[in-house]
Amino acid sequence: MSSSCWIIHHLSLLPNNHRVPSNYLSKNIGVSSYTCSKTRLATVVASQQDASSTNGAGLFLPAHDSPTTLTRFLLENIRSSKAPQDIVDLISSIQFACKKIASLVSRAGVTNLTGLYNEGKSLNIQGEEQKKLDVLSNQVLKNALKYSGKMGVIASEEEDVPVTVDESFSGTYVAVFDPLDGSSNLDAAVATGTIFGIFKQAVSCLVEDDADNIEPSQLRCLANTLQPGSRLLAAGYCMYSSSTMMVLSLGHGTHGFTLDHEVGEFVLTHPNMKIPKRGQIYSLNEANYHHWDPVLKEYVENLKSGKNRSGKSYSLRYIGSLVADVHRTLLYGGIFGYPGDKKNPNGKLRLLYECAPMSYLIEQAGGKATNGKQRILDIVPNTTHERQPLILGSEEDVDELMQLYAAKLQSKV
Ligand SMILES: O=P(O)(O)OC[C@H]1O[C@](O)(COP(=O)(O)O)[C@@H](O)[C@@H]1O
């Protein structure tokens with residue numbers, strides 16, 4: 001591209017109040033503004049928009065002016081009718097809540113927000129001591145969803161029973177979420193995250209927010225949360241780690257966004273994520289090894305020894321924060337699991353707001369998720385905080401484990 005075309009092209013991108021008077025061109029650069037052919041200019045523009053770095057001269061950086069933010073991504077999904085306005089409004093509310101929680105988590109150490117809530121006297125329905133940030137992030141998410149005006153019922157790890165949104169704000173959607181997953185790692189500044197899923201309400205609900213006084217209609221209403229993951233309209237997680245990332249699916253693939261703290265926007269950095277067909281990492285808490293069933297033990301031994309279909313030895317990675325372990329598995333491939341065992345026959349993870357949303361994202365990225373017997377997304381929850389064994393990851397890795405189970409079962413017949 002001749003230098004004059006380049007200069008005209010770039011000067012033409014300046015915002016009006018920076019526009020260089022045309023005589024500047026002739027006087028200082030000695031070119032008139034029309035020496036370049038229009039088609040040539042069009043090609044230049046197209047190639048520049050794909051460029052992601054500053055150019056040699058470092059004068060003008062058109063590309064960085066137009067990152068795809070999460071907001072723009074959502075609006076484009078409405079325009080291409082890939083997502084209804086309501087879902088976009090809900091994800092926008094969740095986006096705000098996650099930015100708020102990201103800030104609370106990153107500043108926890110300097111704002112006295114580490115440690116237990118109510119000096120450890122406050123346990124959630126699962127008997128877990130609530131962290132201060134468990135309670136705060138739960139409130140932040142509840143408020144953001146409530147004021148979206150789209151919510152009917154909310155089910156959260158930190159709420160004993162699902163709560164309904166009072167009439168003046170109520171809508172027809174159900175949100176299920178784990179406001180701060182992996183919070184046992186928080187005080188050690190290890191990655192944590194928020195996990196969420198959105199369903200459509202099966203029956204409409206207009207009831208008071210009073211958990212102690214539940215009428216039959218309210219029970220029916222609260223049962224709206226007990227839907228299989230296959231009915232999710234959207235799911236995602238936001239990971240609070242060395243960078244803050246939101247990974248989301250609206251049912252058309254899985255997409256990753258990184259929070260640009262400088263502008264406070266999630267920017268599309270991982271469009272259309274595809275989990276590798278097979279990985280070389282396994283991620284399970286091996287401290288439970290002696291509680292595992294023999295098939296799982298054999299499978300993991302095969303991964304370690306290389307006596308598996310890839311013929312390669314696998315590495316072990318286990319952070320102990322579901323969001324972080326799933327995020328790595330999504331990017332690098334391999335297998336993650338919190339299986340059922342003699343100690344916890346149903347494993348540890350909750351079907352509704354941990355297993356189902358994560359399985360939805362993994363499947364949308366080409367992977368698989370099972371409880372060892374059944375596809376996670378087909379399981380209909382019986383209770384809000386029901387636990388299910390979870391095995392998810394690359395298609396070939398999950399298939400190899402499932403085929404080993406099938407073969408053992410076959411050999412018993
Ligand atoms: O320490 P364990 O038994 O391996 O359990 C780790 C698992 O428990 C969790 O921390 C449970 O999550 P919560 O912090 O939301 O209760 C998961 O994030 C993680 O995968």
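Residues numbered from 1 in each chain as written. Predicted model: local features only at pLDDT ≥ 70, side-chain atom pairs only at ≥ 80, totals over all residues. Heavy atoms only, no water.

Caption draft 1: Seen up close, the overall build of the protein chain. Summing up its helical and strand segments, the protein chain has eleven helices and 13 strands in all. Classification of the 413 residues of the protein chain by burial places 49% in the buried group. Sequence-distant contacts in the protein chain: of pairs separated by 6 or more residues, those separated by 24 or more amount to 64%. Of the accessible surface of the protein chain, which amounts to about 19,200 Å², a share of 53% is contributed by carbon and sulfur atoms. (Helix = DSSP H or I, 4+ residues; strand = E, 2+ residues; numbered from the N terminus. Buried < 20%, exposed > 50% of the residue type's maximum accessible area, 1.4 Å probe, protein only. Contact = heavy atoms within 4.5 Å. Areas by Shrake-Rupley, 256 points an atom, 1.4 Å probe, with all protein chains shown as cover.)

Caption draft 2: Structural view of the packing of aromatic side chains. Applying the stated criterion across every chain yields a total of three aromatic pairs. An angle of 55 degrees between the planes, with centres 5.4 Å apart, marks the rings of tyrosine 289 and tryptophan 292 as tilted. Residue classification places tyrosine 289 among the partly exposed residues on the basis of a relative accessible area of 24%. Exposure remark for tryptophan 292: the relative accessible area of 2% places this residue in the buried category. For the pair tyrosine 318 and phenylalanine 336, a centre-to-centre distance of 6.5 Å together with 5 degrees between the ring planes defines the contact as stacked. Within this pair, whereas tyrosine 318 is found in the loop between β10 (315-316) and α9 (322-332), its partner phenylalanine 336 is found in strand β11 (residues 335-338), the two being separated by 18 residues in sequence. (Phe/Tyr/Trp six-rings, centres within 6.5 Å; stacked < 30°, edge-to-face > 60°.)

Caption draft 3: Structural view of the domain arrangement of the protein chain. Taken as a whole, the protein chain is organised into domain 1 (3-52), domain 2 (70-273) and domain 3 (281-412). Computed from C-alpha atoms alone, the centre-to-centre distance between domain 2 and domain 3 is 24 Å. In this assembly, 49 residues from domain 2 lie in contact with 31 residues from domain 3. Carbon and sulfur atoms supply 64% of the area that domain 2 and domain 3 bury against each other, a total of about 2,900 Å² over both sides. Across the contact surface, domain 2 and domain 3 share two salt bridges. Here glutamate 157 ties to arginine 350 by a salt bridge, and the two come within 3.7 Å at their closest N and O atoms. Linking domain 2 with domain 3 are 16 residue pairs in polar contact (both at pLDDT 80 or more), by the criterion used here. Counting residues per element, the ones that place at least two in the side of domain 2 that touches domain 3 are β1 (151-156), β3 (173-181), β4 (192-200), β5 (234-240) and β6 (244-249). In terms of residue count, the dominant contributor to the side of domain 2 that touches domain 3 is β4 (seven residues). In terms of residue class, the side of domain 2 that touches domain 3 is built from 24 nonpolar, 19 polar and six charged. (Domains from an automatic or database assignment. Buried area = accessible area lost by both parts, 1.4 Å probe. Salt bridge = Lys/Arg side-chain N within 4 Å of Asp/Glu carboxyl O. Polar contact = N/O pair within 3.5 Å; in protein donor to acceptor, adjacent residues only side chain to side chain. Nonpolar A, V, L, I, M, F, W, Y, C, P; charged D, E, K, R; others polar.)

Caption draft 4: View of the sheet that holds strand β9 (residues 281-283). What the five strands build is an open sheet, ordered β10-β9-β11-β13-β12; its pairing is mixed. Whereas interior strands pair on both sides, the edge strands pair on one side only; in this sheet they are β10 and β12 (368-370). Across three bridges, β12 lies against strand β13 (residues 390-393) in antiparallel orientation. Residue threonine 370 lies in a different strand from β13, and its bridge partner there is isoleucine 391. Lying on the sheet, helix α10 (residues 351-364) is in contact with β12 and β13; it crosses β13 at an angle near 20 degrees. Lying over the sheet, helix α11 (residues 395-412) contacts β11, β12 and β13, oriented at roughly 35 degrees with respect to β12. (Pairing = 2+ DSSP bridges. Axes fitted to C-alpha atoms, helices over the stretch in contact; angles between N-to-C directions.)

Caption draft 5: Just the nonpolar core, in detail. Judged by nonpolar contacts, the single largest core of 42 residues is most densely connected at Ile91, Ile94, Leu145, Leu248 and Leu250. The leading source of residues in this core is helix α5 (residues 85-106), at eleven residues. Listed in part, the 26 residues of the second largest apolar core include Cys355, Ile362, Ala369 and Ile379. (Core = buried A, V, L, I, M, F, W, Y, C linked by side-chain atoms within 4.5 Å.)

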